[in-house]
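Structural overview for review
Single-letter residue listing:
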Amino acid sequence: MAKVLDGAAIAAAIKAEVAEEVRALANLGIRPGLAAVLVGRVPASEIYVRSKVQTCAELGLYSDLIMPQDTVTTEEMMDLVESLNDRDDVDGILIQLPLPEQVDTKALLDAVSPAKDVDGFHPVNAGKLMAGARRWPRVRRRV
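Here's what I pulled together on the structure shown here. (Residues numbered from 1 in each chain as written. Predicted model: local features only at pLDDT ≥ 70, side-chain atom pairs only at ≥ 80, totals over all residues. Heavy atoms only, no water.)

Counting its regular elements, the protein chain contains 5 helices and 3 strands. If you list the helices and strands of the protein chain from N to C, you get α-β-α-β-α-β-α-α. Projecting the C-alpha coordinates of the protein chain onto the three principal axes gives extents of approximately 50 × 40 × 35 Å. Relative to its full complement of 143 residues, the protein chain shows a buried share of 31%. Considering only contacts in the protein chain between residues 6 or more positions apart, those separated by 24 or more positions represent 72%. As displayed, the protein chain has an accessible area near 9200 Å², and 58% of this comes from carbon and sulfur atoms. Each charge sign in the protein chain was given a centre, from 17 positive and 21 negative side chains, and these centres are 10 Å apart. (Helix = DSSP H or I, 4+ residues; strand = E, 2+ residues; numbered from the N terminus. Buried < 20%, exposed > 50% of the residue type's maximum accessible area, 1.4 Å probe, protein only. Contact = heavy atoms within 4.5 Å. Areas by Shrake-Rupley, 256 points an atom, 1.4 Å probe, with all protein chains shown as cover. Lys, Arg positive; Asp, Glu negative; His and termini not counted. Charge placed at Lys NZ, Arg CZ, Asp CG, Glu CD.)

Spelled out as structure tokens, the structure:
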């Protein structure tokens, strides 16, 4: 017998569970954070990234939306990723694809710290996924 799933109800339950976990972390002085990097004006990408930032706010997570100019170079993006890797207030980095053609996407995704790679594009994380790993080490920090 087929069962109809209520996606909105499931999403709401997951968000409520995550919000409770975020509150528990806040009680320990920990506030997880996401840096979302969006380059260019692709409407679907803008909607997607802004929804991630909005969800962070709803859940009590820190978020930082970074929107470099369309003319950004690979070197500038690498500098940005290096700075995000070094930031203690950023636990996850999301680089929205596609990037402008002048940016070396593979080099950039490889530069994201595996511990902060929310999409799992870093070769270490992709390898762990392919090998069937279920857990990755979590970064814990104080606010």
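Our next topic: the environment of Glu-20. Here Glu-20 lies in helix H1 (residues 7-27). By relative accessible area, Glu-20 is classed as partly exposed at 45%. For Glu-20 and Leu-59, which are 39 residues apart along the polypeptide, the C-alpha to C-alpha distance reads 8.4 Å.

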